[in-house]
Structures are given as C-alpha cells and as structure tokens.
Amino acid sequence: MHRAGRLVWWALAFVFATASLLAFSRPATPWLDGVVWALLAVICARAAFHRPSPTSDLLPLWEDVWEAAVQRPWRAVSIGAAFVLTVWLVHQLPALPPDSSYRPYVGVWGIAIVFYLLAVAPPRGWPRTDWTIWWEVNQRTAIAGLTIVLLAFLVRLLPLRAPLEPFILRTAGDTIQSPFVITPSGIPSMAVAYTMLGVRLAGTAYGARLAWVLVGTLTVANAFWVGTRLKGVQIGLLCAFLLAIWPLHVQASHQAMPSVALLFFTTLAVLMLQRALDRRSPLDWGWTGIAVAGALYTAPGGWLTGGIVLAILFYLLLAERRTMWVLHRNGMLIAIGAWFLTSAPWLQFVWRTPNRAVLLGIQQGEGALTPFALLAELLNASQPEMFLPPLSAALFLLGLFYATLRLFLRHAEYRMAPMVLWFWGVLYFTERLTTFSTHAVFLAVGVPVLFFIALALWHIALLVQRAWRTISVPAALAAGATLVALVWLL
C-alpha cells in the first residue's frame, strides 16, 4: 500500500475514533453509535497497518479486500455506506412512535447488509459452470434431492385440516409494529411479521402454516447440503430424508412454531461456516455472520446459533492452532462485522430493555436436560413425536459415540466437529443457561441426531458390502433408511 493510501486510512481512523468518543460522551446518544464508530476506527487502523506479503503462499484474502479498497474505491464506499446506514437506523429507531410504519427502515437495514456483502466479496468473477456437464455428473443426486425436498413439503402441508389458530399467533400477544424487538412472550416480532405475510396471502390458518412449511422445507434442503459437505452425498441424502419425515419437525412446521426457524438458521450458519472453512471465501464468512444474526430475529433462543458457531471455531483454533488462525483470521473478522451490522437494531433493543435476560431465555436452567435425561426422553414412548424407537436410538448412540471419539484421536477427523459440538453445545447451554422445554431442545438438536443415525447406517452399509460383495452400499443404505422410516412412522 502506498504512503498516501496509508495516510488516508490513518486520517479516517482518527475521524472515526473522535466520533466514537463524542458519542460515548453524550448520554442522550444511543450507546451503539459509539460502538459502531469505534469498529470503523479499528477497521481503518487495521487497513493502515496492513502490508501485503508477496512471498506468502496463501490466498491473499486480506490483500484482495483492502488493496481493492484503494484500487477499486467503490469497495470503500460500499462498506462506508453500510455502516453509515446502520448508524442512521439505530439513531432513528428509538425515537419512532409505536404506530409508525417500519417498512422503510427494514429496507434501509437490508440495503446496509447488501452493501457490506458487496464490500467484502472477492474481486474475482463468479466461476462459470457448464450446466450440461454438471447435470450429467449430478443427475441422480439432483433428482433424489429434489424428490426428498418435495416429499418434505407435501408431508408438512398435509393434512389439509389446519389448526384453528397457529401457535405463533396464539402466543405472540398484542401486535407489535417494529420487527426489531421481542414480544413480551419471548417471541421475536420479525417471526410474527413473517407469519402475517402468509396470513395476508391465504388467511389465518393456512397462510400462517404455509409460511412455516416453507421454512421447514428449506431446512431439509440445508440438511442435505450440510451432510454432503461434511461426509459426502450419501450422508447428505440420508440426513435430508430423515428430517423430511421426522414427526417432531413435521408437527412443528405444521403448527407454525417459531422454533423451526432456530433449526433453519443453525443449519444455514453451520453450512456457510463449513463452506467458508473449505473455500476460504470472504462472502461465505459474511453469510455466516448474517445467518447467526438472523436467528436472533426469528427464533426464541436464537443466541444458541452463535454459541454453536463459536464452539466450532474455538475447537478448531485449539486443534489446528496457528494454521487455523493464519488461514481464517480475516474471514472471522468479516463474519464478526456482518453479524454486528445485521444484529445492531436487535442489540439496541435488548440493551434498552430492563428484563432482557427474561426475553432471551438466558436464565439459570433447572438442570433437567442432562445427557442422561435426554436419552431417557428419547426412549420415552409416551411422547410419540419425540420418541426414538429402539432401532433409531441404538443407531443414534452408535453414531454419537463414533463421531465424538473421532475428535479426540491422534489423527482427529475435524469434519465431525460441527455436528458433535452442535449436539453437546445445545445440551450444555440449555442445561445451564435456559429454561427451554424438552420439545424445543429436541428440535434444536434435530439435525445432529439425524446425522448420527445416518452416519451409523453408512458404516453398517460399508460392513455389509464387505461381507456380501453383491450388495452395493447405496442399496444397503436405502434398505436401512426404509427400515428406520417404517419403524419410526409405524
């Protein structure tokens, strides 16, 4: 970076630091303004200190972002616009009357997020895909995946008899105009606003249910991509199929329960995180931060998604040490910036609310959902929607034991980390910090549980194929999945 460019970054850092001090010195100014200005000062100071390393063998992600800010000024303009719009938004929200329309402010919020993604996107062009070749290679997988997603949609849409009043509308209480707050019952208002979109299209019962049926169906698609990226296409198809017919998730989608959004955003965050780790793409890191923030706006206990992502990153930093830090430090900074910018209006509301711990569900838990208590509930046949039959329970325990053990062997399999830490992380947080119901906890760990069942089936299919050469692994997997589904549903 030339000396002139470094002087520009230092000047911007000084201006933003001064603005931060002025914001904190005025009691009437929202505290978040000072934090935003301080973050901008840190970013500019980091850019001023940066010196590209021409001898590095790594992909120059930081060089791409900050050198482009000088060579391509639109990047600097884009990231500046994103934070300026966010500062304006958090200035305006506290002063709005309760009956105001929030549509323009939601639009400004979305534009700020888009500006940030444009600023951190890699300067290289989009890869060109020959879809004819792609279809020839992935034809069977694409057809199977689309079939499973369609099955998930139909299963959640039926039966045609809808509940008289969806769960989310029954528990949300009075209508709140702002989508950036949490209702007194603990449900984020953006989830209620999303439900009302469906109500306007198709009525109270069917419209509200259809909105959450779509979220549940997209979660099945996310489960396929997560399983595929972690352990291959066969595991991905098994995860998607099992989630498509899982009674608890089907029931929650049918009844328009906001906990469905927690599973959706957690699978999306884990998927984007794994893509970011594999591809070292700044854009994937940005989407990871946005997905973590999205859970805060749509699901009770949405902070669990952030806890899971932090647990995964903390484990990888301990396991791979300097390699992990050198390869992904810039991406983690991008994810933090995306999360902070996306969640800024929500953070402002939580900070200004006296009973914020009650709204977030962050209370001392009753300690009932220990791992042994969870296993007892899984084997409790009196709750059919949460009950795992003996066959499924045995496969789950086998997969959980194998995946957890793989993280502590000498040659650890790090790709097991997301699901293992997801499962144990939710149990740890909900046991010690929350009073979530067993129903909500089971739904939060649904994808890891099904992943462990699929993992056990896959290893059993490999053993069967070794014992009987005439039986292929896909045939053994299909037979095992069919057996689990029949025992599960019947």
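The structure displayed is predicted, hence computed values, not measured ones. (Residues numbered from 1 in each chain as written. Predicted model: local features only at pLDDT ≥ 70, side-chain atom pairs only at ≥ 80, totals over all residues. Heavy atoms only, no water.)

S.K.: I would appreciate a short explanation of the pattern of salt bridges in the present structure.
M.R.: Considering all chains together, one arrives at six salt bridges under this definition. One salt bridge in this structure joins Arg 229 and Asp 278, with 3.1 Å as the shortest N-O distance. In this pair, Arg 229 is assigned in helix H9 (residues 204-231) and Asp 278 in helix H12 (residues 259-279), connecting sequence segments 49 residues apart. Among the ionic pairs, Glu 413 bridges to Arg 406, the shortest N-O distance being 3.2 Å. For Glu 413, a relative accessible area of 17% gives the class buried. Taking relative accessible area as the criterion, Arg 406 reaches 24% and is therefore assigned partly exposed. (Salt bridge = Lys/Arg side-chain N within 4 Å of Asp/Glu carboxyl O. Helix = DSSP H or I, 4+ residues; strand = E, 2+ residues; numbered from the N terminus. Buried < 20%, exposed > 50% of the residue type's maximum accessible area, 1.4 Å probe, protein only.)

S.K.: What am I meant to see in the packing of helix H19 (residues 417-432) against helix H21 (residues 446-467) here?
M.R.: For any two helices packed against each other, the geometry is given by the interaxial angle and the distance between the axes. Orientation of H19 relative to H21, taken along the N-to-C sense of each, is 130°, at an axis distance of 9 Å. Looking at the two axes, H19 sits oblique to H21. With respect to the hand of their crossing, H19 and H21 are arranged in left-handed fashion. In this structure, H19 uses Met 419, Val 420, Trp 422 and Phe 423 to contact H21, whose residues at the interface are Val 447, Pro 448, Val 449, Phe 451 and Phe 452. Tallied by class, the residues present in the contact of H19 with H21 amount to nine nonpolar, no polar and no charged. (Axes fitted to C-alpha atoms, helices over the stretch in contact; angles between N-to-C directions. Parallel < 35°, antiparallel > 145°, perpendicular 65-115°, else oblique. Left-handed = near helix turned anticlockwise from the far one by under 90°. Contact = heavy atoms within 4.5 Å. Nonpolar A, V, L, I, M, F, W, Y, C, P; charged D, E, K, R; others polar.)

S.K.: What's the story with the confidence of the model for the chain in this structure? I'm lost.
M.R.: It should be kept in mind that the predicted coordinates are not to be read in detail where pLDDT is low. Per-residue confidence for the chain gives a mean pLDDT of 79, with 76% of residues at or over 70. Note that pLDDT drops below 50 for residues 55-62; the model gives that stretch 11 contacts with residues more than four away or on any other chain. (pLDDT = per-residue confidence, 0-100.)

S.K.: What exactly am I supposed to notice about helix H8 (residues 189-202) here?
M.R.: Three or four residues apart is the spacing at which side chains of an α-helix point the same way, because the helix has 3.6 residues per turn. A rise of 1.5 Å per residue sets the reference length of H8, with its 14 residues, at 20 Å; its end C-alpha atoms lie 20 Å apart and thus fit the reference within 8%. Of all the positions in H8, only Ser 189, Met 190, Ala 191, Val 192, Thr 195, Gly 198 and Val 199 are classed as buried. Looking one or two residues beyond H8, the residue adopting positive phi is Gly 203, at roughly 95°. (Expected span 1.5 Å × (residues − 1).)

S.K.: Would you explain H19 in this entry?
M.R.: Helix length check: H19 (16 residues) gives 22 Å between terminal C-alpha atoms against 22 Å at 1.5 Å per residue, within 8%. Taking burial as the measure, the 16 residues of H19 include 12 buried ones, the bulk of the element. Where H19 is concerned, the buried positions are Ala 417, Pro 418, Met 419, Val 420, Leu 421, Trp 422, Phe 423, Gly 425, Val 426, Leu 427, Phe 429 and Thr 430.

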